[in-house]
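Here's the letter readout for the chains.
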Amino acid sequence: MSRTRTALALGTAAAGAIALASVTASAAPLPVAGSTTVTPAGHAFKATLSGKATLKAGSVTVTCTVSVATGTVPAAPGNSNPAGPVSSPISPPTYSSCTSSMPGVTPTVTTSGAWAVTMQDGSPITATMTVPVGGLVLKTTGLASCTVTAAPTAAASVGGTWVNGAPSSLTFTNASVPVKVTGGFGCPTSATASIFNAVYKVADTTDPAQQITVGP
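Residues numbered from 1 in each chain as written. Predicted model: local features only at pLDDT ≥ 70, side-chain atom pairs only at ≥ 80, totals over all residues. Heavy atoms only, no water.

Caption draft 1: Spotlight on the pairing of strand β14 (residues 168-183). As paired elements, strand β12 (residues 146-150) and β14 share five bridges and run antiparallel to each other. Bridge assignment links Thr-147 to a residue of β14, and that residue is Thr-182. Bridge count between strand β13 (residues 156-163) and β14: three bridges; the pairing is antiparallel. The residue of β14 that forms the bridge with Val-163 is Ser-169. Hairpin remark: β13 followed by β14, antiparallel, with four residues in the connecting loop. Inspection of the sheet shows β14 paired to strand β15 (residues 193-204) by nine bridges, in the antiparallel sense. Bridging across to β15, Ala-175 finds its partner in Phe-196. (Pairing = 2+ DSSP bridges. Helix = DSSP H or I, 4+ residues; strand = E, 2+ residues; numbered from the N terminus.)

Given below as structure tokens:
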């Protein structure tokens, strides 16, 4: 190869390396969370299950048709964050009218601790429910005696989506929740995660004529 062609090849390679470095550098920064505002500030709300909630661990599915949680939008200026999400504490959701996919088994769900829901404006609007350590315990009686503890060693974040409306809705679709299962025959003791599905309608209880809304 002539000196001219060699120089040209080296120059082309160097240009490519510079271009690659430029692309790599420009792709490095992580996206910045946008602003979030939840309104009306200071208003209380109630989240009511629409349809059914399911919690599946291994081959066992528990279905509940009644679930309720309450909370309050932070007072201004805490209801607005120019660079990220807004969090609201909520009561531990109650679950009742529950059935199991295992014949002859009756499930009971108890909840406790400091729960919260965190909203981040975007497309879609994201919602993250925080389950405290051991904040949900499912026990079965009958042909199989099992105990399923959610967030067994650390608080868990359960991802969902929010849609503004009248009323607004909070949806969890195939959300994974870490669990520990104990018990004897028939209990899915090898399961380390449960799949959660539920849709909640969220109503303003301070002023029913208004809606709980998430925006920028």
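Back to the text.
Caption draft 2: Spatial organisation of the environment of Thr-65. Secondary-structure assignment places Thr-65 in strand β4 (residues 60-72). With 33 residues separating them in the primary sequence, Thr-65 and Cys-98 have C-alpha atoms 6.6 Å apart. Leave out the neighbours within four places in its chain, and Thr-65 touches Leu-49, Gly-51, Lys-52, Ser-96 and Ser-97. (Contact = heavy atoms within 4.5 Å.)

Caption draft 3: The state of the cysteines, seen in detail. According to the stated counting rule, one finds two disulfides in the structure shown. Sulfur-sulfur distance for the disulfide between Cys-64 and Cys-98 comes to 2.0 Å. Where Cys-64 bonds to Cys-98 through sulfur, the torsion about that S-S bond is close to 105°, and the disulfide is right-handed. Placement of Cys-64 in strand β4 and of Cys-98 in strand β7 (residues 94-100) is noted, with a sequence separation of 34 residues between them. According to the relative accessible area criterion, Cys-64 is buried, its value standing at 4%. The disulfide partner of Cys-146 is Cys-187, and the gap between their sulfur atoms is 2.0 Å. Around the S-S axis, the bridge from Cys-146 to Cys-187 shows a dihedral of about -90° and counts as left-handed. Residue Cys-146 is found in strand β12, and its partner Cys-187 is found in the loop between β14 and β15; the two are separated by 41 residues along the sequence. Per residue, the accessibility class of Cys-146 equals that of Cys-187, and both read buried. Counting only the cysteines that form disulfides, in the order they appear in the chain, gives the pairing 1-2, 3-4. (Disulfide = S-S within 2.5 Å. Buried < 20%, exposed > 50% of the residue type's maximum accessible area, 1.4 Å probe, protein only.)

Caption draft 4: Main features of the confidence of the model for the chain. For the chain, the average pLDDT comes to 88, and 85% of its residues sit at 70 or higher. Contacts for the low-pLDDT stretch residues 1-30, under 50 throughout, to residues beyond four places or in other chains number one contact. (pLDDT = per-residue confidence, 0-100.)

Caption draft 5: Quick peek at the environment of Ser-87. With respect to the element layout, Ser-87 can be found in strand β6 (residues 86-90). Taking the C-alpha atoms as reference points, Ser-87 and Ala-127, 40 residues apart in sequence, are found 9.4 Å from one another. Residues in contact with Ser-87, not counting those within four places in the same chain, are Pro-74, Ala-116, Val-117 and Thr-118. A distance of 3.2 Å separates polar atoms of two side chains, one belonging to Ser-87 and the other to Thr-118. (Polar contact = N/O pair within 3.5 Å; in protein donor to acceptor, adjacent residues only side chain to side chain.)

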